[in-house]
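# Residue-level structure breakdown
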Amino acid sequence: MIVSIIKKLKIKFLSIFFFFLLFLIGIHISKDFGISWDESHHRDSGQRVLVYLVKFLGLDWVKPIPEGLENYKYSEKMYGPIFDTISAVIEESFQLNDFKNIYTMRHSLNFIFYFAGYIGYFFFIKLIFPKDKFAILLSFFYLFHPRLFGQGFFNPKDSILQAYIAISIIPIIRSFLHFKFKDLVWSALTIGIAISTKVVAVYLPFLFSAFYISIGSFRNIKPIKIIKNISLFYLFLFFFIFVFWPPWTNPIKSIVDIFLVLKQYPFSGENFILGKYVSRFDLPWYYVPLWIGVTTPLSFILFFFIGIWKNCHHLFKELTENILIDNFMAAGFLAPILSVIFFGSTLYGGWRHMFFIYPFIAYFMIKGFIFTSDWIYSYFKLKKDHIVLFLGVIVFSPTILSIIKTHPNQSVYFNILAGKDPMLSYEGDAWGTSYRQGLEWIVQNDKRDSIMVSIHNSPGSRNRHMIQKKDRDRLNFQFISNPLKKEEIPGDYFITNFYGVQPDLYFKSKKKVSPFDNEVYSIKIGEMKILAIYKFNSDTN
C-alpha cells in the first residue's frame, strides 16, 4: 500500500513539473510573436471597458480619464470584456508605456488563458477516462494542434473562447454524471463567461438542457427535479451573463443585438480558397470542414474519423449514459457547423471563428486513439503501455517538431492535403504577424536614419511596435492600396504577406516578375512563402 501511495505521489509530482515546464516555455516564447490585425482594436476596447467600469462604480475621481476613452457603446463591441479588461488593468497597474512591452504582456496573458484551457481539458480527460493513466499524452491532441497553438499567443477572441469552452466541459459532464447543484452553478458560470466572450456560444445552454433532460430521464430522475434544476441553471446563467457582459443596465438586449449582428457578419470582402477569391456572403457549404481538413495534422484527422465511426457504431446498440455523453460531444461541433451552413454566416479567412468547437473534435480524436491502441493490444502480444507510447511517438512527434521548426509562424500550418505550396490555394499569414520578422530584418541590415517601407495592409506598419524604439523611429511607411497596379513601387523596400492579393502577386513573387524581382528576404515553410521583402533603392546599405 505504501509503495502504491509513493508511486501515485511520484506520478502527481512529475505531472505538475511537466505542466509547469510547459507553462514556462510558453511564457518564454510568447515574446517572439508579432502583432495581429485585431490586437490594437481589442486593446482600445479593453481601455474603454475599464473606463466604463470606473465611471459605473463612481471611481473616476481616482485618476483623470484619458481623452477619447469616455464613450463605450456595447453595440459596437462584438466580443466580451474579460480578457481585454484584464489586459487594460495590467497595462495601467504596471504603467506599461512602450508598445513592445504592452503587446508582449498581452501575448503572455493570451497564452496564460490558452494554457488554462489546456489544463481544464486535461482534467476533463481525467474525468471522462478515469482509468486511463495516459491522460497527459491524450491531452496532446488538444495542445499540439500547430495552428491553434500558434494563435493561442495572439488571438484575443477565438483562442480565448476555445479555452473557456474547454474549461466549461468539466462541470457540464459532471452535471450529467452526478446531477449535483454545485455542478449546475459551475456550468452556468463557465457557459456564461463563454457567451460573454463571443455570443456564438449561446447554443451551449440549449445543448446542455437537452442532454441534461435526456440523461435525467434515462436515469429515471423525477421530471419535477429535472425541471427545477434546469430552471436554476438558467437563473444562474442569466446572472453570470449579467455580471460579465456590460452594460449591466441591459445585458439581454446586448446579447440579442450582437447575435443579430454576428448571425450575418456585416463585413464585406472575399476569402481566398481553392485558388480563387469567394465572397464572404457566398461561401460554399464545405468551407469550414475544408479548412479544418487542410490545417489539422493528418494523424489527428485519422483518429477523429475512427472515433466518430465508433460513436456511430454505438448508436445502433443499447442506449447508455456514456453514449448520450458521446452524442453531446458530437453535437458540440456539429451544431455550430450546421448553423453556419444554414444561416449562410459570413466568415473571415480560415476557420478561426470556429476554434471553439475544437475541444469537442479533439474528444473523438482521443476516442479513436484509445480504440486503436486497444485493437492493436487485442491482436498482438505486446504490452499495452508500449503500444500507447509507440502510437504517441508516431502521432505527436511530427506535430511537435513542426511547432518547433516553424516558430513563431505555427499559425500558418497546413498538412499535405493543401498541396506542396498551400498558398497557391489558401491564405497564408492572414493575421500578419510575420511582418515583425521582416521589419526586424530591415532594421538589422539597413543602418540609415530614415527608411521608407511600402506596405499594402496595416499589420505591415503595426508590427513596428515590436521593434526596439531606437530602430522603430527609423522606419517610415507608405500605404499602397493595390501593388499589382504599380509598375514601380516607391520607397526603399516593399514588404508583403500577400494577403488580399493572391494569387497574382504571389505568382509574380515566385517567378520574380518585375518589380518583384529583387527579393532580399523571405520567410518560407517548405514550398510556401508567407512573407517577402523587395529592395528598390540601390543606395540602401
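In what follows, the accompanying structure is described. (Residues numbered from 1 in each chain as written. Predicted model: local features only at pLDDT ≥ 70, side-chain atom pairs only at ≥ 80, totals over all residues. Heavy atoms only, no water.)

Another aspect to go through is the sheet that holds strand β3 (residues 451–455). Spatially, five strands are ordered β4-β3-β5-β7-β6 in an open sheet, and the strand pairing comes out mixed. At either end of the open sheet lies a strand with only one pairing partner, and these are β4 (475–479) and β6 (519–525). The mean inter-strand angle of the sheet, taken between neighbouring strand axes irrespective of direction, is 25 degrees. With six bridges joining them, β6 and strand β7 (residues 528–535) adopt antiparallel strand pairing. Across the sheet, the residue bridging to I523 is L531, located in β7. Those strands touched by helix α17 (residues 435–445) are β3, β4, β5 (493–496), β6 and β7, and its axis lies near 160 degrees from that of β5. Its contacts with the sheet place helix α20 (residues 504–511) against β5, β6 and β7, and it is angled at close to 70 degrees to β7. (Pairing = 2+ DSSP bridges. Helix = DSSP H or I, 4+ residues; strand = E, 2+ residues; numbered from the N terminus. Axes fitted to C-alpha atoms, helices over the stretch in contact; angles between N-to-C directions. Contact = heavy atoms within 4.5 Å.)

This brings us to the packing of helix α7 (residues 158–178) against helix α8 (residues 181–197). Here α7 crosses α8 at 160 degrees, and the two axes come no closer than 8 Å. By the criterion of interaxial angle, the relationship of α7 to α8 is roughly antiparallel. Crossing of α7 against α8: the hand is left-handed. Every residue of α8 that contacts α7 at I160, L161, Y164, I165, I167, S168, P171, I172, R174, S175 and H178 is listed here: K182, D183, L184, W186, S187, T190, I191, I193, A194 and T197. (Parallel < 35°, antiparallel > 145°, perpendicular 65-115°, else oblique. Left-handed = near helix turned anticlockwise from the far one by under 90°.)

Right, let's talk about the pattern of salt bridges for a bit. Tallied over the full model, the rule gives 21 salt bridges. Across the pair D44 and R48 runs a salt bridge, and its minimum N-O distance is 2.8 Å. Taken as a pair, D44 and R48 lie in helix α2 (residues 39–56) at a separation of four residues, close to a single helical turn. Classification of R48 by relative accessible area gives buried; the value is 18%. Across the salt bridge formed by R448 and D492, the nearest N and O atoms sit 3.0 Å from each other. With a gap of 44 residues between them, R448 in the loop between α17 and β3 and D492 in the loop between β4 and β5 connect regions that are remote in the sequence. Here the two residues R448 and D492 agree in accessibility, since each one is buried. Here the residues in one salt-bridge network are D158, K198 and R352, joined through shared partners. (Salt bridge = Lys/Arg side-chain N within 4 Å of Asp/Glu carboxyl O. Buried < 20%, exposed > 50% of the residue type's maximum accessible area, 1.4 Å probe, protein only.)

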